[in-house]
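# Remarks on the overall topology
Below, each chain spelled out in residue letters.
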Amino acid sequence: MADKATLEYNGQKFDFPLIKGTEDELAIDIKTLRSVTGGLTTIDPGYKNTGSCESGITFLDGEKGILRYRGYSIEELAEKADFLEVCYLLIFGELPNKEQLSAFHIDIKNESHVDEEMKKILDAFPKSAHPMGVLSSLTSALIAFNPVSVNVTSADDMYGAIVRILAKFPVLVSWTMRKQKGLPLDYGDDNLGYVENIHKMMFKMPTKEYVKNKIVIDALDKLLILHADHEQNCSTSTVRIVGSSHAGLFASLSAGISALWGPLHGGANQAVLEMLEAIVADGGDTKKYMAKAKDKSDPFRLMGFGHRVYKNFDPRAKIIKKAADEILADLGIEDPILDVAKGLEKEALEDQYFVDRKLYPNVDFYSGVIYRALGIPTEMFTVMFALGRLPGWIAQWREMRLRNEPIGRPRQVYIGETFRSFVEVDKR
Ligand code: ACO
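All values reported here derive from a predicted model rather than from experimental measurement. (Residues numbered from 1 in each chain as written. Predicted model: local features only at pLDDT ≥ 70, side-chain atom pairs only at ≥ 80, totals over all residues. Heavy atoms only, no water.)

## Considerations on the pattern of salt bridges
When charged atoms on two side chains of opposite charge get close, those side chains can pair. If you walk through the whole model with that rule in mind, you get 29 salt bridges. Residue lysine 20 is joined to aspartate 24 by a salt bridge in which the shortest nitrogen-to-oxygen separation is 3.7 Å. Judged by relative accessible area, lysine 20 falls into the partly exposed class, the value being 49%. Linking glutamate 399 and arginine 240 is a salt bridge whose minimum nitrogen-to-oxygen distance equals 2.9 Å. Linking glutamate 399 in helix 18 (residues 381-402) with arginine 240 in helix 10 (residues 234-243), this pair joins segments that are 159 residues apart in sequence. Arginine 240 carries the same exposure label as glutamate 399, and that label is buried. Each of Glu54, Arg240, Glu399, Arg403 and Glu405 takes part in one network of salt bridges that share partners. (Salt bridge = Lys/Arg side-chain N within 4 Å of Asp/Glu carboxyl O. Buried < 20%, exposed > 50% of the residue type's maximum accessible area, 1.4 Å probe, protein only. Helix = DSSP H or I, 4+ residues; strand = E, 2+ residues; numbered from the N terminus.)

Next comes the structure, spelled out in structure tokens:
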């Protein structure tokens, strides 16, 4: 097999080495492109063909529908692991043994207080503020209360920053929701499991005991695992690029939350549910919405369909569809939204437009149905995604800093005006 790629330009040939990943992915290493060719650059809007880094965290094969965290299949992890184990695995590279997992959890619990002053910041937001905006701001505000920058060459410092954010982020998530619902801000309970505690912080009513519901906690755990990492997607690339300027972990995460908010990325889960609700309210005519999605003069897209990388099926969508069926049955909920979702999926999978463009349901097509069944408000769906993605962002940030990657700074091809002289305002 070839070990280099040759570029011919201006009568000269330039060789570039090939890099092979552990799963046999091949990439052309163009690090020297500009220097050897005298300034040639590449253009690749949306980075559809560009690898930004070498990474050992998540492998996915969009054609075969494979997703693995640190080598373990998403199917096995969703079935057998819990979210805290997956956090540890993603961040540190190996599944923890019992002692490591227990120490990890204790260290997180010991960091779970959030400065009371943070409540003043939360108070300043109107109730109508979108929770993603609030969460991004609160995450950024955490820096002010934890101003010591992380010495990334110190394993202790790094570990400290990681457990700190894994502890405080769920508190911020719960406060974000409780603020919107007008509920008093709650704290966790060290006697509970990591995900159970998150659920308690979100849902505990002031006058009632918190009662654990295993079906609900297991469902939440599974959803968080499915969202935990997805290699160099928009928000993760944002976290890495912000961190590459040596901005701190919390600042990088806050930027990642903003990137995730968009409806083409994490915001799709909210958009899917709103779309399904609109279809139900409109009489359930899925054909009408299929036609809109295919009409190029109509900006409507079938939310929850299509993926930049998966062009066959999204393995997470398979797991989540099955989970949605089971959870709704377990909780005894009949939801017309699920029927519309299934109908829409069936039609799309048989429709030439969707088949030709390899558009399949993605992870968020069914996640909203489950969140809804768990009593999570629609506007909180993307926040739940952020909660799940937190360990992935941390792992990617950590890897980037430990590899001492250079600052992210893409090139461009300038297409604006060429040189012109300044004209005084009264002469324009
Ligand atoms: N509905 C209708 N048509 C679509 C859809 C859709 N959901 N997605 C893509 N297409 C069409 C495009 O119009 C385009 O058609 P054309 O070739 O005739 O111009 C073709 O399929 C390719 O689409 P692109 O936007 O170029 O594909 P890209 O890989 O850039 O985008 C994306 C992927 C953003 C996910 C897109 O499929 C989309 O917008 N989906 C809906 C939003 C969504 O569900 N996002 C969640 C992604 S998963 C996640 O973040 C967890």
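## Considerations on the packing of helix 3 (residues 83-92) against helix 18
Remark: helix 3 packs on helix 18, axes separated minimally by 8 Å, with the N-to-C direction vectors making an angle of 20 degrees. Relative to helix 18, helix 3 is oriented roughly parallel. For the pair helix 3 and helix 18, the sense of crossing is right-handed. Along its contact with helix 3, which presents Phe83, Cys87, Leu90, Ile91 and Phe92, the element helix 18 presents Leu387, Gly388, Pro391, Gly392, Ile394, Ala395 and Arg398. Looking at side-chain class alone, the contact of helix 3 with helix 18 contains 9 nonpolar, 2 polar and 1 charged residues. (Axes fitted to C-alpha atoms, helices over the stretch in contact; angles between N-to-C directions. Parallel < 35°, antiparallel > 145°, perpendicular 65-115°, else oblique. Left-handed = near helix turned anticlockwise from the far one by under 90°. Contact = heavy atoms within 4.5 Å. Nonpolar A, V, L, I, M, F, W, Y, C, P; charged D, E, K, R; others polar.)

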